[in-house]
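# Architecture and fold: a report
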Amino acid sequence: MSRGLLVTRGAAFVQLRKPAEAHADAERALKLAPADEAAATLLASLLRAGGDTAHAVALLRSTLERAPQSIDLRRVLANILIESGDLQGAEAQLVEAVKVRPDELALRYELANF
């Protein structure tokens, strides 16, 4: 099965309240494409929902090493860091996102209101 289909099916499993199946599909998708933003976001969200915030943060940081230009991954990571109380880490992710996309007004707004 392709990476895209695995992510789509994983998202469907989330809607069906089948997190174990969603988790398995997200992991399989990441094995096929380690820099896949959608798979990393899905898996990180599942990990966070399951209470494993540290693993979610580590996964997103690892994926960002492979896809450093991803503002979506940086936003998701910033939100998780905010929820876990790491405001400096969250701000750093938003700063990096603005460096990647300085023309993105929504990012500048997020950072200014941080």
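These lines cover the structure that appears in this document, whether it is placed above or below. (Residues numbered from 1 in each chain as written. Predicted model: local features only at pLDDT ≥ 70, side-chain atom pairs only at ≥ 80, totals over all residues. Heavy atoms only, no water.)

## Looking at the overall build of the protein
Our working rule: Secondary structure counts use DSSP, requiring at least four H or I residues in a row for a helix and at least two E residues in a row for a strand, with both numbered from the N terminus. With the radius of gyration taken over C-alpha atoms, the globule rule is written as 2.2 Å times the number of residues to the power 0.38.
Regarding its fold elements, the protein presents seven helices and zero strands. When the elements of the protein are put in sequence order from the N terminus, they spell out α-α-α-α-α-α-α. Relative to a compact globule of 114 residues, whose C-alpha radius of gyration would be 13 Å, the protein shows 14 Å and is just as compact. Each of the three principal axes of the protein carries a C-alpha extent, and together these read 40 × 25 × 20 Å.

## Quick look at helix H3 (residues 37-49)
Keep this limit in mind: Each residue after the first adds 1.5 Å to the expected span of a helix. Relative accessibility decides the category of a residue: with a 1.4 Å probe and only protein chains considered, values under 20% of the type maximum give buried, values over 50% give exposed, and everything between is partly exposed. Note on contacts: a residue pair qualifies if any of its non-hydrogen atoms lie within 4.5 Å across the two residues.
A rise of 1.5 Å per residue sets the reference length of H3, with its 13 residues, at 18 Å; its end C-alpha atoms lie 18 Å apart and thus fit the reference within 8%. Buried within H3 we find Ala39, Ala40, Leu42, Leu43, Ala44, Leu46 and Leu47. Buried-residue contacts for H3 involve helix H1 (3-15), helix H2 (19-32), helix H4 (53-66) and helix H5 (71-83). Gly51 sits one or two residues past H3 and shows a positive phi near 90°.

## So, the packing of H3 against H5
For clarity, the cut-off: What counts as an axis is a line fitted to C-alpha atoms, over the stretch in contact for a helix, and the angles between N-to-C directions run from 0 to 180 degrees. The labels follow the angle: roughly parallel below 35 degrees, roughly antiparallel above 145, roughly perpendicular from 65 to 115, and oblique for the rest. Only Asp, Glu, Lys and Arg are considered charged in this grouping, and only Ala, Val, Leu, Ile, Met, Phe, Trp, Tyr, Cys and Pro are considered nonpolar; every other residue, Gly among them, is considered polar.
At a minimum axis distance of 10 Å, the contact between H3 and H5 shows a crossing angle of 10°. Relative to H5, H3 is oriented roughly parallel. For the pair formed by H3 and H5, the contact residues are Glu37, Ala40, Thr41, Ala44 and Arg48 on the first element and Asp72, Leu73, Val76, Ile80 and Glu83 on the second. Across the contact of H3 with H5, the residue classes tally to five nonpolar, one polar and four charged.

## Focus: unusual backbone geometry
Positive phi, close to 60°, is recorded for Arg17, a residue that is not glycine. Position of Arg17 relative to the elements: it lies in the loop between H1 and H2. Residue classification places Arg17 among the exposed positions, given a relative accessible area of 71%.

## Some remarks on a nonpolar patch on the surface
Basically, it comes down to this: Like-charged residues are merged into a patch within 9 Å and nonpolar side chains (Val, Leu, Ile, Met, Phe, Trp, Tyr) within 5 Å, provided each residue has over 30% relative accessible area and no salt bridge. All accessible areas in this document rest on Shrake-Rupley with a 1.4 Å probe, and a residue is counted as covered only by the protein chains that are shown. One speaks of a salt bridge when a side-chain nitrogen belonging to Lys or Arg is within 4 Å of a carboxyl oxygen belonging to Asp or Glu.
A contiguous nonpolar patch, built from Ile82, Leu87 and Phe114 and spanning about 260 Å² of accessible area, is present on the exposed surface. Locating Phe114 in the fold gives a position in the segment after helix H7 (105-112).

Keep in mind these numbers describe shape, not what the thing actually does.
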